[in-house]
Amino acid sequence: MTADPRLPEGYAISTDPARTDAATVHRWLSTDAYWALGRARETQDKAIAGSLNFGVYDTVTGAQVAYARVVTDRATFAWLCDVYVDPAVRGKGLGTALVTAVRDEVRGYGVRRVLLATHDAHDVYAPIGFRPLKRPDQWMALIFEQA
């Protein structure tokens, strides 16, 4: 658990994988996140197991109230994904604090870049340092269509 002055009082961020409430994370993402609607629990559990997970927790109840995961080699590259804040606690700065904690953690690995994709949260990420790609024409994706 880390104390973080950017967090409102009563919340803490942890990267302890044992604290991740996989059932809650799956419910949030598979039912309310446009990028993960319908995601199978098995798929989400594999994603959690293969990632660096960040949670924001209510320090009184212990309940998880936000989540983010990072896919990284911990040396050169990181991909930030599945950032989600429970609607009941949105507007308190938890998302910004969470992504700032992610940024600070992966910076310590020496990675050169952290990528993310967002449809509607540019205002959350830009103040933390995320910018559009300078040369998006140099990036490509291999996409496997899901059945």
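I will try to describe carefully the structure that is included in this document.

Turning to the overall build of the protein chain, a few remarks are in order. Along its length, the protein chain carries 4 helices and 5 strands. Moving toward the C terminus, one meets the helices and strands of the protein chain in the order β-α-α-β-β-β-α-β-α. For 147 residues, the compact-globule formula gives about 15 Å, and the C-alpha radius of gyration of the protein chain, at 15 Å, lands near that figure. Along the longest, intermediate and shortest principal axes, the C-alpha atoms of the protein chain span 45 × 35 × 25 Å. Taking all 147 residues of the protein chain together, 40% fall into the buried category. Considering only contacts in the protein chain between residues 6 or more positions apart, those separated by 24 or more positions represent 57%. Of note, the protein chain has its 17 positive side-chain charges centred 6 Å away from the centre of its 17 negative side-chain charges.

Glancing now at the packing of aromatic side chains. Evaluation of the coordinates by the stated rule reveals 3 aromatic pairs. Centroid distance tryptophan 28 to tyrosine 84: 5.2 Å. Interplanar angle 25 degrees. Geometry classified as stacked. Taken together, the residues span a long stretch of sequence, with tryptophan 28 in helix α1 (residues 22-32) and tyrosine 84 in strand β4 (residues 77-85) at a distance of 56 residues. Given the relative accessible area of 3%, tryptophan 28 is considered buried.

A word on the pairing of strand β1 (residues 11-14). On β1, burial covers both faces: Tyr11 and Ile13 on one face and Ala12 and Ser14 on the other are all buried. Relative to strand β2 (residues 52-58), β1 runs antiparallel, the two sharing 4 bridges. For isoleucine 13, the partnering residue across the bridge sits in β2 and is valine 56.

Ranked by internal contacts, the top residues of the largest apolar core, which has 27 residues, are Phe54, Val56, Val70, Leu80 and Leu94. Counting only elements with at least two residues in this core, the list comes to β1, β2, β3 (64-72), β4 and α3 (94-107). Considering each element in turn, this core owes the most residues, 7 residues, to α3. Contacts of leucine 94, omitting those with residues within four sequence positions, involve Leu7, Pro8, Tyr11, Val56, Val65, Val85 and Val89. By size, the runner-up hydrophobic cluster in this structure holds 9 residues, among which are Val25, Ala36, Ile48 and Tyr84.

On to the pattern of salt bridges. Tallied over the full model, the rule gives 7 salt bridges. Of the charged contacts in the structure, one is a salt bridge between arginine 90 and aspartate 32, with a shortest N-O distance of 3.7 Å. Placement of arginine 90 in the loop between β4 and α3 and of aspartate 32 in helix α1 is noted, with a sequence separation of 58 residues between them. Owing to a relative accessible area of 41%, aspartate 32 belongs among the partly exposed residues under this scheme. Here aspartate 104 makes a salt bridge to arginine 103, at a shortest N to O gap of 2.9 Å. Arginine 103 gets classed as partly exposed once you look at its relative accessible area, which sits at 25%. Here the residues in one salt-bridge network are Arg39, Arg69 and Asp82, joined through shared partners.

Definitions and limits used
- Residues numbered from 1 in each chain as written.
- Predicted model: local features only at pLDDT ≥ 70, side-chain atom pairs only at ≥ 80, totals over all residues.
- Heavy atoms only, no water.
- Helix = DSSP H or I, 4+ residues; strand = E, 2+ residues; numbered from the N terminus.
- Rg over C-alpha atoms; globule rule 2.2 N^0.38 Å.
- Buried < 20%, exposed > 50% of the residue type's maximum accessible area, 1.4 Å probe, protein only.
- Contact = heavy atoms within 4.5 Å.
- Lys, Arg positive; Asp, Glu negative; His and termini not counted.
- Charge placed at Lys NZ, Arg CZ, Asp CG, Glu CD.
- Phe/Tyr/Trp six-rings, centres within 6.5 Å; stacked < 30°, edge-to-face > 60°.
- Pairing = 2+ DSSP bridges.
- Core = buried A, V, L, I, M, F, W, Y, C linked by side-chain atoms within 4.5 Å.
- Salt bridge = Lys/Arg side-chain N within 4 Å of Asp/Glu carboxyl O.

Distances and angles like these do not, on their own, reveal function.
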